[in-house]
Amino acid sequence: MKTIARVVTLAALSSISVDAFAAVTATAQPTAVMTETVVVQEQTPVNGLVNTHSILPQLNLSTQQKALVQKIDHQYASRRPLMSNENRQTLANLRLERKNLVLSKLFDDARAKNMIAQEQHIWAQQQQARADYDFLQLKREHDIYQILTPKQQQQYWRLRQQQKLMY
């Protein structure tokens, strides 16, 4: 894993804030300056393999079925949606800005609402990406199920039920 360390200061946030919150006029200056190091780790995506792969070896698939599963996996080779480093950094900056807002003598309503709106926008993007990923994984599982024989399909569902009980 690659680690990126960034030092975030109030001055850096102020330059971001001026651009991002140009319409908002600050009514008070913070009484304290929070400086902290924010470490953002890049994550490698996890392959879109769901628990069906732990079941498939138990189904005694034919060579042709194995080739079809491999083809399906390749077709749905999407990756689990991870938050971008840019969004991680934005959230880290917003957390620091929250601290500075709390430390300020006067509370700036508009600035607080803007911060919350930015956070909600990022989380909504993540939620949509997750829904898209879940859709593809369900479609992938359906396609794999369709290549199984009726006996394998029964065994598949029995193993899935056992899996659910374990997790």
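This one's a predicted model, so the numbers in the text were calculated from it and none came from an experiment.

**What about the overall build of the chain?**
Point 1. When helices and strands are tallied, the chain shows six helices and two strands.
Point 2. Counting from the amino terminus, helix and strand elements in the chain follow one another as β-α-β-α-α-α-α-α.
Point 3. Expressed as a percentage of contacts within the chain between residues at least 6 apart in sequence, the contacts between residues at least 24 apart total 86%.
Point 4. Carbon and sulfur atoms provide 56% of the accessible area of the chain, an area that totals close to 11200 Å².

**Notes on helix α4 (residues 85-103)**
Point 1. For α4, built from 19 residues, the straight-helix expectation of 27 Å at 1.5 Å per residue is met to within 8% by its first-to-last C-alpha distance of 27 Å.
Point 2. Looking at α4, one finds that the buried residues are Asn87, Gln89, Leu91, Ala92, Asn93, Leu94, Leu96, Glu97, Asn100 and Leu101.

**Thoughts on the confidence of the model for the chain**
Point 1. Summing up the model confidence of the chain, the mean pLDDT is 75 and the portion of residues at 70 or higher is 67%.
Point 2. Across residues 1-50, confidence stays below pLDDT 50; counting only partners more than four residues off in sequence or on other chains, it has 99 contacts.

**Brief notes about helix α5 (residues 109-146)**
Point 1. Over its 38 residues, α5 extends 55 Å from the first C-alpha to the last, a length consistent with the 56 Å expected when each residue adds 1.5 Å.
Point 2. Of all the residues in α5, the buried ones are Arg111, Ala112, Met115, Glu119, Ile122, Gln126, Tyr133, Gln137, Arg140, Glu141, Asp143 and Ile144.
Point 3. Between the side-chain oxygen at the start of α5 and the backbone nitrogen of Ala110 there is a gap of 3.3 Å, and the oxygen is on Asp108.

**Side note on the pattern of salt bridges**
Point 1. Going through the model one piece at a time under the given rule, you end up with five salt bridges.
Point 2. Measuring nitrogen to oxygen at the nearest pair gives 3.1 Å for the salt bridge that ties Arg111 to Glu97. With a gap of 14 residues between them, Arg111 in helix α5 and Glu97 in helix α4 connect regions that are remote in the sequence. Residues Arg111 and Glu97 agree in their burial class; the two are buried.
Point 3. Salt-bridge contacts for Arg98 lead to Glu119; the nearest nitrogen and oxygen are separated by 2.6 Å. In this pair, Arg98 is assigned in helix α4 and Glu119 in helix α5, connecting sequence segments 21 residues apart.
Point 4. Given a relative accessible area of 35%, Arg98 falls into the partly exposed group.

**Some words on the packing of α5 against helix α6 (residues 150-166)**
Each packed pair of helices is defined by two parameters, the angle between the axes and the distance between the axes.
Point 1. Relative to each other, α5 and α6 sit at 140 degrees, their axes nearing to 10 Å. For the element pair α5 / α6, the angle class is oblique. For the pair α5 and α6, contact is made by Glu141, Tyr145 and Gln146 and by Gln153, Tyr156, Trp157 and Arg160, respectively.
Point 2. Each residue belonging to the contact of α5 with α6 can be placed in one class, and the counts come to three nonpolar, two polar and two charged.

Rules used in this analysis
In this convention, every chain numbers its residues from 1, walking through the sequence in written order. Local features in this predicted model are restricted to residues whose pLDDT is 70 or higher, and side-chain atom pairs enter the listing and the counts only when it is 80 or higher, whereas totals over whole chains, interfaces and linings include all residues. Derived side-chain values reflect all non-hydrogen atoms in the structure, with water molecules and hydrogen atoms excluded from consideration. Only DSSP runs of H or I reaching four residues or more are called helices, and only runs of E reaching two or more are called strands; each is numbered from the N terminus. Only heavy atoms matter for contacts: two residues are in contact if any of them lie within 4.5 Å across the pair. In short, Shrake-Rupley with a 1.4 Å probe defines the accessible areas, and a residue's cover is counted only from the protein chains shown. Each residue after the first adds 1.5 Å to the expected span of a helix. To sort residues, take the accessible area from a 1.4 Å probe on protein chains only and compare it with the maximum for the residue type: under 20% means buried, over 50% means exposed, and anything in between is partly exposed. Residue-level confidence of the predictor is what pLDDT reports, using numbers from 0 through 100. Nitrogen and oxygen atoms within 3.5 Å of one another constitute a polar contact, given that in protein one can donate a hydrogen and the other can accept it, and given that sequence-neighbouring residues count only through two side-chain atoms. Put simply, a salt bridge is a Lys or Arg side-chain nitrogen that is within 4 Å of an Asp or Glu carboxyl oxygen. Axis definition: a line fit to C-alpha positions, over the contact stretch in the case of helices; interaxial angles, taken between N-to-C directions, run 0 to 180 degrees. Orientation is classified from the angle alone, with under 35 degrees giving roughly parallel, over 145 giving roughly antiparallel, 65 to 115 giving roughly perpendicular, and any other angle giving oblique. Under the convention adopted here, Pro, Cys and the residues Ala, Val, Leu, Ile, Met, Phe, Trp and Tyr are nonpolar, Asp, Glu, Lys and Arg are charged, and Gly plus all remaining residues are polar.

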